[in-house]
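The residues making up each chain are set out below.
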Amino acid sequence: MKHSKILFLLIFITNAFVAKADEGMWLPQLLGKLNESRMKSLGMKISAEDIYSINKGSLKDAIVSFGGFCTGEVISTKGLVLTNHHCGFDAIQNHSTLQNNYIRDGFWSKTNADEIPNKGLFATFIVRIDDVSKEALAGVTANMSEAERMAAIDKNLQQINKNTKKEATQKSFTRGFFEGNQYYLFVTETYNDVRLVGAPPSAIGNFGKDTDNWVWPRHTGDFSMFRIYASKDNKPADYSVDNVPFTPKKSLNISIDGIAENDFTMVFGFPGRTTEYLYSAAVEQIRTVNDPAKIAIRDKALNIIDGFMRKDEGIKIQYAAKYASIQNAYKKWQGEVLGLTRTDGVGRKKTQEIEFQKRVDANPSLKEKYGTLLQTLEAGYADIKSLVLARDYYQEIVSKIEIFTIVAQLNSLANAFEKNGQKGFDEAKLKVKAMLEDFMKEFNPKVDRKLFEGLMEMYVKNQPANVVSPMVKTLYDNGIAAAADKIYGENTFTDLSKLNVLIDGKPEDLVAFMKTSNTLALQKDLLATYQTAVQKDLTAVQNRITLAQRTYMQAQMDVFKEKTFFPDANSTLRVTFGKVQGYKPRDGVYFDFKTDLDGVMEKYKPGDYEFDVPEKLRTLYKNKDYGQYSVAGKMPVCFIATNHTTGGNSGSPALDAYGNLIGLNFDRVWEGTMSDINYDPTICRNIMVDIRYVLFIVDKFAGADWLVKEMKLVHPKKK
Ligand code: ARG
Ligand code: GLU
């Protein structure tokens, strides 16, 4: 009896608290200390030093932050970079015209000379990472207010940055980890001449579009290629015709031997943000309050935009990128709610909290420090619930009614004049004009007006009166159509040529015009109401919670000594590892770990916006003309593994046991998007495009075999 009880407890504790098999986004410089043996036990054949080293070229020297929003990797000694199609999309779109429609038809350079420069696009390498926690937290005491603490740390961090040894072409920045319990310094080197080399047609690079987004089984060739250029001495340089292809310290070898289920795999990249150590009430709020509210608002917005896109070809092109971006998070949140619910994410947290409290209560020194911590968190989240809901409503709604963005731009110009005179105005004018020039290309007043009508209705009707702008309420009481007439009747804000007349005229006239604007008055009232009725209290409660969550983070590390903790993602370089593996999404269903070209053809709908297949690809399929990239007569397309990834990992390399490139990360599976909050190894999978499909498309479909010749293909499995 006694024994079985202990055994039960042991199993229970093991399941609940030991780091789950493949969870974690690890700091590359700590792999040797924390993860190497586990990685080797899963099949890794290289050392932690091969992945991250400051003494020799290592895998990290082939990884770049691509434009700050995605990951890319260097795949040739001539600076060729691989990333996702959706990461390169902006560049591809910018160079597309009706005659040269690279979005629809793809683009492939034939020589270096055809590669297209991209203003503003950059690739950043990480030179080294140092622990600066002690220096960052020097002089910080427990009884400081959050504001005092931040000020003290900011001062320390500035000093750290100043004292950092780095070359003239390098920069450095610091980041807080484990909710600000630790700090790391990053020395970086950024290349600003990054040129477009190639992209497949959208019918391959974004095959399945929104319907397949976040979904497995997947058949998307989500990749594009760029090249880093450097000065003649191989240093970072702004674009110049004299620049030459960059010679990297390290480029990835590419395995064309493919993958098998249970193979070791790791993903190296820049995951954006996760919150894995929240208190249960916070997770419950995300699941039942915040996600549902944001989903409902986006559902309305998407319906309105879609209605226009279906009827009007022009609007369809104008709103395509915007629609995809609103839709991406909208769909992800639905998967998140589903996953949290199905795996009882909240119940799991609660079980963990019970054990936490038990251990704390049993230890006098822990009890003194953390005895009432969970109550503090409970109270904090109870107080913040209605405030974060109001914040989500405000942010989601106001950002989608774009006339407010336009009017805010003009107002900033008027303010610049009133504050800093003609000189301030002239400076601001350049930026505002460039912004509006770009913005208005993807703006349609009819669509915006319907968004105003639909979303303002939710703003007024679904919220308590105290957080609703009085002016919106009055407008609404007199009928929303009349209100919209009043706002959209001021058609200066919805017409670029009229905006330009105003901007190019006398600043005094602009100031006078803004003073009479209904739209500006409304925008200001919305903002003021938000600031007084929501933001003030929100900041106060948020500060309490930030302190409590930071303490809870440290407390979890102090209490669960048997667990190895990884810091939440914060857009810094991380390694995640796992195994190639299928999964069981629900009762009676099992998903295979890979897909192939047969599946593309199964989904093929001639002429369809999402599932059309280019004729050349159909021909290659019919002739089984796969070159050296097929396996047993099949052309692999995508595969999944247990790597713990998130947004920002798009374009990250998937590497095999030897560090060879085997795939390109681009998504996660529907049931597992809650891995940002509660990773579950049974259903959380990252989705990658098989590198053999990438090479097949480059070589056989696009005929750009000169690029394949640049790469180093290897056969790790054929000894
Ligand atoms: N879900 C992926 C990500 O979060 C892919 C998004 C791009 N594709 C799309 N259909 N919107 O970025
Ligand atoms: N598509 C995502 C990105 O752009 C990656 C998918 C995810 O969130 O895991 O980073």
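Look a little higher up for the structure.
Just so it is clear, the model here is predicted, and its values are computed rather than measured.

Colleague: When you look at the overall build of the protein in this model, what are you seeing that I'm missing?
Modeller: Scanning the protein from terminus to terminus reveals 26 helices and 22 strands. Computed over C-alpha atoms, the radius of gyration of the protein comes to 27 Å, within 12% of the 27 Å expected from 2.2 N^0.38 for 719 residues, which places it in the range of a compact globule. Considering only C-alpha atoms, the protein reaches an extent of 75 × 75 × 60 Å along its principal axes. Classification of the 719 residues of the protein by burial places 56% in the buried group. Taking the contacts inside the protein whose residues are at least 6 apart along the sequence as the reference set, 78% of them involve residues at least 24 apart. In the form shown here, the protein has an accessible surface area of approximately 31200 Å², with 54% of it arising from carbon and sulfur atoms.

Colleague: Where do I start with the state of the cysteines in this structure?
Modeller: When the sulfur atoms of two cysteines share a covalent bond, that bond is a disulfide. With the rule as written, the count across this model stands at one disulfide. Here C70 connects covalently by a disulfide to C87, the sulfurs 2.2 Å from one another. Residues C70 and C87 share a disulfide whose torsion about the S-S bond is about -75 degrees; that sign makes it left-handed. One end of the pair, C70, is in strand β2 (residues 70–74); the other, C87, is in helix α5 (residues 85–94), with 17 residues separating them in the sequence. According to the relative accessible area criterion, C87 is buried, its value standing at 2%. No disulfide involves C638; its nearest neighbouring cysteine sulfur is the one of C87, lying 15 Å away. In this structure C638 comes out as buried when scored by relative accessible area, which is 1%.

Colleague: What is the right way to look at unusual backbone geometry in this model?
Modeller: Glycine aside, residues mostly have negative phi angles, and peptide bonds mostly take the trans form. Cis rather than trans, the peptide bond between W216 and P217 has omega equal to 0 degrees. Among the structural elements, P217 can be located in the loop between α10 (209–212) and β10 (224–230). With a phi angle near 75 degrees, N262 is a residue other than glycine that sits in the positive phi range. Within the secondary structure, N262 sits in the loop between β12 (254–255) and β13 (264–269). Exposure remark for N262: the relative accessible area of 39% places this residue in the partly exposed category. In this structure, K624 takes a positive phi of about 50 degrees despite not being glycine.

Colleague: It is not clear to me how the packing of aromatic side chains should be interpreted in this structure. Could you clarify?
Modeller: Considering all chains together, one arrives at 25 aromatic pairs under this definition. Seen in terms of ring centroids, F207 and F611 are 5.5 Å apart; in terms of plane orientation they differ by 90 degrees. Their pairing is edge-to-face. Residue F207 is located in the loop between α9 (202–205) and α10, and its partner F611 is located in the loop between α23 (597–603) and α24 (615–622); the two are separated by 404 residues in the primary sequence. By relative accessible area, F207 is classed as buried at 2%. Taking relative accessible area as the criterion, F611 reaches 6% and is therefore assigned buried. Cluster of aromatic residues (ring-pair linked, three or more members): W26, Y277, F565 and F566. Between the NZ or CZ atom of K322 and the centre of the ring of F439, over which it lies, the distance is 5.8 Å. In this structure, K616 is placed above the aromatic ring of F701, and the distance from its NZ or CZ to the ring centre is 6.0 Å.

Colleague: What is the right way to read empty space enclosed by the protein from this model?
Modeller: A water-sized probe, rolled over the atoms, reveals where empty space remains. Counting across every chain of the model gives one cavity of 30 Å³ or more. What lines the largest cavity is A390, Y394, Y459, Q463, V467, Y530 and V534. Taken together, the residues of the lining of the largest cavity sort by class into six nonpolar, one polar and no charged.

Colleague: What am I meant to see in the site of ligand 2 here?
Modeller: Close to ligand 2 lie H86, W214, T646, G647, G648, N649, S650, F666, D667 and R668, which account for all nearby residues. The separation between an oxygen atom of ligand 2 and a polar main-chain atom of G647 is 2.9 Å. R668 places a polar side-chain atom, nitrogen or oxygen, 2.6 Å from an oxygen atom of ligand 2. Isolated, ligand 2 exposes 290 Å² of accessible area, and the fraction of that covered by the protein chains is 89%. Of the residues forming the shell around ligand 2, the biggest block, three residues, is contributed by strand β20 (residues 661–668). Grouping the amino acids of the shell around ligand 2 by side-chain chemistry returns two nonpolar, six polar and two charged.

Colleague: Can you help me understand the site of ligand 1 in this one?
Modeller: Every residue close to ligand 1 is listed here: H86, N206, K209, D210, N213, W214, A324, N328, F666 and D667. A distance of 3.3 Å separates an oxygen atom of ligand 1 from a polar side-chain atom of H86. N328 is positioned such that a nitrogen or oxygen atom in its side chain is 3.0 Å from a nitrogen atom of ligand 1. Expressed as a share of its isolated accessible area of 340 Å², the protein-covered part of ligand 1 is 86%. At the level of elements, α10, α12 (313–342) and β20 are the ones that each hand at least two residues to the shell around ligand 1. Taken together, the residues that form the shell around ligand 1 break down as three nonpolar, four polar and three charged.

Colleague: What is the right way to read α24 from this model?
Modeller: What sets the pattern is the α-helix's 3.6 residues per turn: residues three or four places apart point alike. For α24, the full list of buried residues reads L617, L620 and Y621. Each buried residue of α24 sits inside an arc of 100 degrees when the element is viewed along its axis, so together they form one side. In α24, the exposed residues that point more than 90 degrees away from the buried face are E615 and K622. Residue K624 follows α24 closely and has a positive phi angle near 50 degrees.

Reading guide: rules and limits
- Residues numbered from 1 in each chain as written.
- Chains lettered and ligands numbered in written order.
- Predicted model: local features only at pLDDT ≥ 70, side-chain atom pairs only at ≥ 80, totals over all residues.
- Heavy atoms only, no water.
- Helix = DSSP H or I, 4+ residues; strand = E, 2+ residues; numbered from the N terminus.
- Rg over C-alpha atoms; globule rule 2.2 N^0.38 Å.
- Buried < 20%, exposed > 50% of the residue type's maximum accessible area, 1.4 Å probe, protein only.
- Contact = heavy atoms within 4.5 Å.
- Areas by Shrake-Rupley, 256 points an atom, 1.4 Å probe, with all protein chains shown as cover.
- Disulfide = S-S within 2.5 Å.
- Phe/Tyr/Trp six-rings, centres within 6.5 Å; stacked < 30°, edge-to-face > 60°.
- Lys NZ or Arg CZ within 6 Å of the ring centre and 35° of its normal.
- 1 Å grid on protein atoms, 1.4 Å probe; cavity = no way out; pocket = protein on both sides within 12 Å on 5 of 7 lines; lining within 4 Å.
- Points joined across faces, edges and corners; volume = space filled by probe spheres on them.
- Nonpolar A, V, L, I, M, F, W, Y, C, P; charged D, E, K, R; others polar.
- Near = heavy atom within 4 Å.
- Polar contact = N/O pair within 3.5 Å; in protein donor to acceptor, adjacent residues only side chain to side chain.
- Arc of directions from axis to C-beta.

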